[in-house]
Amino acid sequence: MELSLSQCSKLTWTLNVHFIVLDCPGTASEQAGKSESCQGCPNQQLCASGATKAPDPAIAEIGAKLSSVKHKILVLSGKGGVGKSTFSAHLAHALASDNTKEVALLDVDICGPSIPRIMGLEGEQVRHAQKRSKPFYVDDNLAVMSIGFLLSSPDDAVIWRGPKKNGMIKQFLRDVDWGELDYLIMDTPPGTSDEHLSVVQYLSSTHVDGAVIITTPQEVSLQDVRKEIRFCQKVKLPIIGVVENMSGFVCPKCKNTSQIFPPTSGGAEKMCADLGLPLLGRVPLDPRIARSCDEGRSFLCEVPDSPAAKAYQTIVQSIQDYCSNRATEVQRAT
Amino acid sequence: MEQSRDGNLAQVRHVVLVLSGKGGVGKSTITTELALALRHAGKKVGILDVDLCGPSIPRMLSVGRPEVHQCDSGWVPVYTDPQKSLALMSIGFLMEDPDEAVVWRGPKKTALIGQFVSDVAWGELDVLLVDTPPGTSDEHLAVLENLKKHRVDGAVLVTTPQAVSTGDVRREITFCKRTGLQILGIVENMSGFVCPHCSECSNIFSKGGGEELAELTGSVFLGSVPLDPRLSASLEEGKDFTQLFPDSATFSAISSISQTLLKSLETD
């Protein structure tokens with residue numbers, strides 16, 4: 001006999017899934033470990049004990065540490081492989097092309113750090129434990145930090161569960177000497193899990209300008225990105241805008257455009273219109289982007305006149321404008 | 001209900017994980033197409049989608065958002081066809097609102113995956129494909145821990161050709177070695193794009209990285225699947241690419257990969 005979900009009393013755990021998804025009170029709330037939705041959660045006892053309610057002292061330390069950083073930007077996407085790291089790296093390059101600005105790029109993707117290779121730092125390692133606090137400098141005004149620098153070989157896998165990843169992110173934010181910065185860009189892994197919650201929590205005592213959301217045009221990608229947008233709304237992270245990457249491909253031989261990842265549901269444009277978000281721009285597929293990333297060079301310097309580089313420049317300009325407008329607003333408010 | 005250790009997996013002949021350190025390289029696409037190709041070859045196939053934060057398989061197989069039912073032995077998977085030759089279970093089915101974010105830390109994901117692996121009544125299957133999220137973290141450890149009670153044949157690793165992607169997949173290979181998971185082979189996806197206007201082949205994400213990686217690590221290279229907008233479109237609409245475009249180079253690549261895989265499973 002088959003019973004539907006709502007009819008079967010044995011199915012409490014699944015019903016719990018619904019509650020958890022919608023109603024997890026949060027580890028620091030009064031209801032932590034006590035609410036109905038906590039039943040069956042493996043962390044219930046820990047939460048109920050009260051141990052999770054005390055604010056992590058690291059949050060205040062990070063707030064103090066990052067008070068010398070003018071603008072903090074997160075690069076997010078629910079979907080993997082849409083170009084978060086490529087975008088983060090090139091945003092950093094573009095912002096740092098102004099010699100008067102200090103820029104840093106932090107790779108929060110603990111299990112799949114791509115930033116070292118894209119920034120041309122593959123094989124670089126932080127050699128001594130005490131130097132963990134020093135980021136790598138690609139340029140005088142462009143600093144980079146990634147777990148990739150702490151691994152001894154390119155085959156090293158970081159097989160870590162959530163708490164260890166969170167500890168690493170805490171170290172990156174609290175212990176790295178970033179110095180005075182105009183921009184701190186944080187590249188994240190796909191999903192809406194430990195890394196994302198941790199970054200947002202650790203940054204909660206400091207001001208974050210907002211998140212740039214990256215997607216590709218197909219619905220299979222957009223459906224994950226909508227979840228990420230919902231995540232931002234839940235944790236009250238402002239969204240600077242959406243970038244549609246891999247948007248059409250121009251054949252280098254015949255110059256005709258093909259939609260390799262077809263926007264069957266209207267692409268990022270329709271999603272942005274539906275959700276009332278700004279579309280910062282569309283970046284076409286260009287084999288030279290992938291090649292530059294593999295070789296660790298900036299695509300923007302390699303082929304500055306390409307349509308993709310031009311799209312990047314417009315997007316970066318919108319992000320700069322957003323950040324400076326926000327800074328003026330904050331000034332006015334105080 | 002109490003069950004023997006093998007429980008719901010007792011009648012599942014082969015269990016194959018589809019892994020990649022990198023996101024967006026086509027794990028779900030390859031999982032879906034392999035399943036369709038295996039079914040095409042007359043096999044009974046199941047797909048378990050353990051990507052909790054971004055389940056893509058329900059859309060790719062166009063099953064919509066059906067209600068999941070229960071029978072005496074556990075959850076009844078969702079079948080894509082009346083012959084019940086392709087069964088599917090995904091976290092996507094348990095969400096009330098498809099746009100809702102599953103904002104979970106590791107322990108909750110681990111608990112749900114434990115349920116997923118042991119409580120789905122797959123019945124008799126030739127091959128169960130397990131589609132995973134990117135990375136080497138909670139989900140992967142949880143799946144392996146729970147499947148180890150049963151037998152796992154091994155993993156198919158998916159990569160795209162560029163070094164940024166093969167770099168992450170090298171880490172996944174280390175994960176397989178450390179956890180004692182056999183590597184059945186490497187698939188290179190998004191390998192070259194043939195312009196539909198002039199037939200010029202562009203290597204948008206470079207070329208050959210998958211094969212190089214297989215050589216470097218002493219793994220079997222299962223084959224490369226070209227970029228094909230018709231494949232993306234079929235997946236968007238949940239159509240069976242293997243039936244729509246049986247003459248395409250993409251189909252012949254997928255079908256040859258599925259045959260090699262099947263052979264290696266059966267000679268094991």
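Residues numbered from 1 in each chain as written. Chains lettered and ligands numbered in written order. Predicted model: local features only at pLDDT ≥ 70, side-chain atom pairs only at ≥ 80, totals over all residues. Heavy atoms only, no water.

With the rule as written, the count across this model stands at four aromatic pairs over all chains. Ring centres 5.7 Å apart and planes at 20° place the aromatic pair A:Phe87 and A:Tyr312 in the stacked group. With a gap of 225 residues between them, A:Phe87 in helix H4 (residues 84-96) and A:Tyr312 in helix H12 (residues 307-333) connect regions that are remote in the sequence. Like A:Phe87, the residue A:Tyr312 is buried in the burial classification. Between A:Phe249 and B:Phe193 the ring centres are 5.3 Å apart and the planes differ by 90°, which places this aromatic pair in the edge-to-face class. Of this pair, A:Phe249 sits in strand E7 (residues 239-250) while B:Phe193 sits in strand E9 (residues 183-194), placing the two residues on different chains. Residue classification places A:Phe249 among the buried positions, given a relative accessible area of 1%. A relative accessible area of 1% places B:Phe193 in the buried class. (Phe/Tyr/Trp six-rings, centres within 6.5 Å; stacked < 30°, edge-to-face > 60°. Helix = DSSP H or I, 4+ residues; strand = E, 2+ residues; numbered from the N terminus. Buried < 20%, exposed > 50% of the residue type's maximum accessible area, 1.4 Å probe, protein only.)

Attention shifts here to the interface of chain A and chain B. Interfaces are often sized by the amount of accessible area the parts lose when they come together. Contact residues are listed per partner, giving 78 residues for chain A and 73 residues for chain B. Among the ionic pairs, A:Arg230 bridges to B:Glu100, the shortest N-O distance being 3.1 Å. On inspection of chain A and its partner chain B, the count reaches 28 residue pairs in polar contact (both at pLDDT 80 or more). Among the secondary structure elements, those contributing two or more residues to the side of chain A that touches chain B are helix H1 (12-23), helix H5 (115-118), helix H6 (162-175), helix H7 (194-202), helix H8 (219-234), E7, strand E8 (257-258) and helix H10 (287-295) of chain A. It is H8(A) that provides the largest number of residues to the side of chain A that touches chain B, a total of nine residues. Of the residues contributing to the side of chain A that touches chain B, the split by class is 38 nonpolar, 23 polar and 17 charged. (Contact = heavy atoms within 4.5 Å. Salt bridge = Lys/Arg side-chain N within 4 Å of Asp/Glu carboxyl O. Polar contact = N/O pair within 3.5 Å; in protein donor to acceptor, adjacent residues only side chain to side chain. Nonpolar A, V, L, I, M, F, W, Y, C, P; charged D, E, K, R; others polar.)

This part covers the pairing of strand E4 (residues 142-145) of chain A. All names here are of chain A. Side chains Leu 142 and Val 144 of E4 all project onto a buried face; the interleaved residues Ala 143 and Met 145 project onto the opposite face, where all are buried too. Pairing of strand E2 (residues 103-107) with E4 involves four bridges; the strand directions are parallel. By the bridge assignment for E4, Ala 104 is matched with Ala 143. In this sheet, E4 lies alongside strand E3 (residues 136-139) in antiparallel orientation, the contact comprising three bridges. Bridging from a neighbouring strand, Tyr 137 pairs with Ala 143 of E4. Hairpin connection from E3 to E4: two residues lie between these consecutive antiparallel strands. (Pairing = 2+ DSSP bridges.)

A few words now on the UniProt feature "binding site: ATP" (unreviewed entry) in chain A. Residues and elements named next belong to chain A. On the UniProt side, "binding site: ATP" (unreviewed entry) is annotated at positions that read Gly 78, Lys 79, Gly 80, Gly 81, Val 82, Gly 83, Lys 84 and Ser 85 here. Residues within four places of Val 82 in sequence aside, it is in contact with Ser 77, Ile 214, Thr 215, Thr 216, Ser 221, Asn 245 and Met 246. If you trace the backbone, Ser 85 turns up in helix H4. Note on Ser 85: relative accessible area 11%, which makes it buried. Ignoring any residue separated from it by four or fewer positions in sequence, one finds Ser 85 in contact with Ser 114, Ile 115, Ile 118 and Asp 187. (UniProt positions renumbered as here; feature names shortened; annotations may be inferred.)

Right, let's talk about helix H1 (residues 27-40) of chain B for a bit. Turn by turn, an α-helix covers 3.6 residues, leaving residues three or four places apart pointing in a common direction. Residue and element names in this part refer to chain B. The end-to-end C-alpha distance of H1, which contains 14 residues, comes to 20 Å, matching closely the 20 Å that a straight helix rising 1.5 Å per residue would cover. Among the 14 residues in H1, 12 count as buried, and that is most of the element. Those residues of H1 not exposed but buried are Lys 27, Ser 28, Thr 29, Ile 30, Thr 31, Thr 32, Glu 33, Leu 34, Ala 35, Leu 36, Ala 37 and Leu 38. One or two steps after H1, the chain reaches Gly 42, where phi turns positive at roughly 90°. (Expected span 1.5 Å × (residues − 1).)

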